[in-house]
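Report on the structure
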Amino acid sequence: EDYENFKESILKDFRPKLFYFNKFLENDQSGPFFFGKSPFYCDFGPYHQFSLIRLLENTIFDDFLTVKVFMNEVENLKGISEYLSSRPKLIGVGKEPKLVIDGKEVSTGINKD
């Protein structure tokens with residue numbers, strides 16, 4: 001119950017901010033990233049935070065097409081794509097988080113197994 005309340009609080013606070021990120025990306029027609037067609041260091045901070053929010057609600061970007069495109073473009077960068085395809089899957093967020101490594105569920109280090 002604490003997790004669900006905290007999650008809803010985070011999402012409620014994040015939605016208005018997401019509107020402005022989307023607006024910024026929409027207004028700049030130079031490319032999918034914050035400063036054009038090529039990613040810069042500053043693109044990876046928002047991407048990381050957005051990806052964490054997406055763990056809480058995987059449809060949160062559905063009404064924000066420009067942010068959705070931004071996320072896809074970052075995830076399609078060669079090094080990022082390779083990493084994302086090989087990293088362990090996270091399951092049980094909010095209940096009993098675990099990583100799936102080589103088909104085996106292991107502790108994230110947050111909770112003891």
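A brief structural summary. Source: prediction; values computed, not measured.

Of the residues making up helix 3 (residues 65-75), those classed as buried are V67, F70, M71, V74 and E75. When helix 3 is viewed along its axis, its buried side chains cluster within an angular range of 130° and face the same direction. If you follow the buried residues of helix 3, they end up packed against helix 1 (2-27), helix 2 (41-56) and helix 4 (78-86).

A cluster of nonpolar side chains, L52, L55, L90 and V93, forms an exposed patch at the surface whose accessible area comes to about 290 Å². Topologically, V93 is positioned in the loop between strand 1 (89-91) and strand 2 (98-101). On the accessibility criterion, V93 (30% relative accessible area) is partly exposed.

What follows covers the pairing of strand 3 (residues 104-107). In terms of strand pairing, strand 2 meets strand 3 through 4 bridges, oriented antiparallel. The residue bridging V100 from the neighbouring strand is E105, located in strand 3. Between strand 2 and strand 3, which pair antiparallel one after the other, the connecting turn spans 2 residues, and D102 there sits at a positive phi close to 50°.

With that settled, the discussion passes to the nonpolar core. A general trend in soluble globular proteins is that nonpolar side chains are found buried together. Counting 17 residues, the largest nonpolar core has F61, V67 and F70 as its most contacted members. V67 has contacts with L18, F21, N22, L25, F50 and F61, leaving out every residue within four places of it along the chain.

It is worth spelling out the environment of L55 at this point. Within the fold, L55 resides in helix 2. For the pair formed by L55 and E1, sequence separation is 54 residues and the distance between their alpha carbons is 17 Å.

Quick look at the sheet that holds strand 3 now. Spatially, the 3 strands line up as an open sheet ordered 1-2-3, and their pairing is antiparallel. Two strands lie at the open edges of the sheet, namely strand 1 and strand 3, each paired on one side alone. Along the sheet, successive strands turn relative to each other by an average axial angle of 40°, direction set aside.

Moving on, we come to the packing of helix 2 against helix 3. Contact pair helix 2 / helix 3: the axes reach a minimum separation of 10 Å and the direction vectors enclose 105°. As judged from the angle between their axes, helix 2 and helix 3 are roughly perpendicular. For the pair helix 2 and helix 3, contact is made by D43, F44, Y47, F50, S51 and R54 and by V67, F70, M71, V74 and E75, respectively. Across the contact of helix 2 with helix 3, the residue classes break down as 7 nonpolar, 1 polar and 3 charged.

Cut-off values and rules
- Residues numbered from 1 in each chain as written.
- Predicted model: local features only at pLDDT ≥ 70, side-chain atom pairs only at ≥ 80, totals over all residues.
- Heavy atoms only, no water.
- Buried < 20%, exposed > 50% of the residue type's maximum accessible area, 1.4 Å probe, protein only.
- Helix = DSSP H or I, 4+ residues; strand = E, 2+ residues; numbered from the N terminus.
- Arc of directions from axis to C-beta.
- Contact = heavy atoms within 4.5 Å.
- Patch = residues over 30% accessible without salt bridge, like charges linked within 9 Å, V, L, I, M, F, W, Y side chains within 5 Å.
- Areas by Shrake-Rupley, 256 points an atom, 1.4 Å probe, with all protein chains shown as cover.
- Salt bridge = Lys/Arg side-chain N within 4 Å of Asp/Glu carboxyl O.
- Pairing = 2+ DSSP bridges.
- Core = buried A, V, L, I, M, F, W, Y, C linked by side-chain atoms within 4.5 Å.
- Axes fitted to C-alpha atoms, helices over the stretch in contact; angles between N-to-C directions.
- Parallel < 35°, antiparallel > 145°, perpendicular 65-115°, else oblique.
- Nonpolar A, V, L, I, M, F, W, Y, C, P; charged D, E, K, R; others polar.

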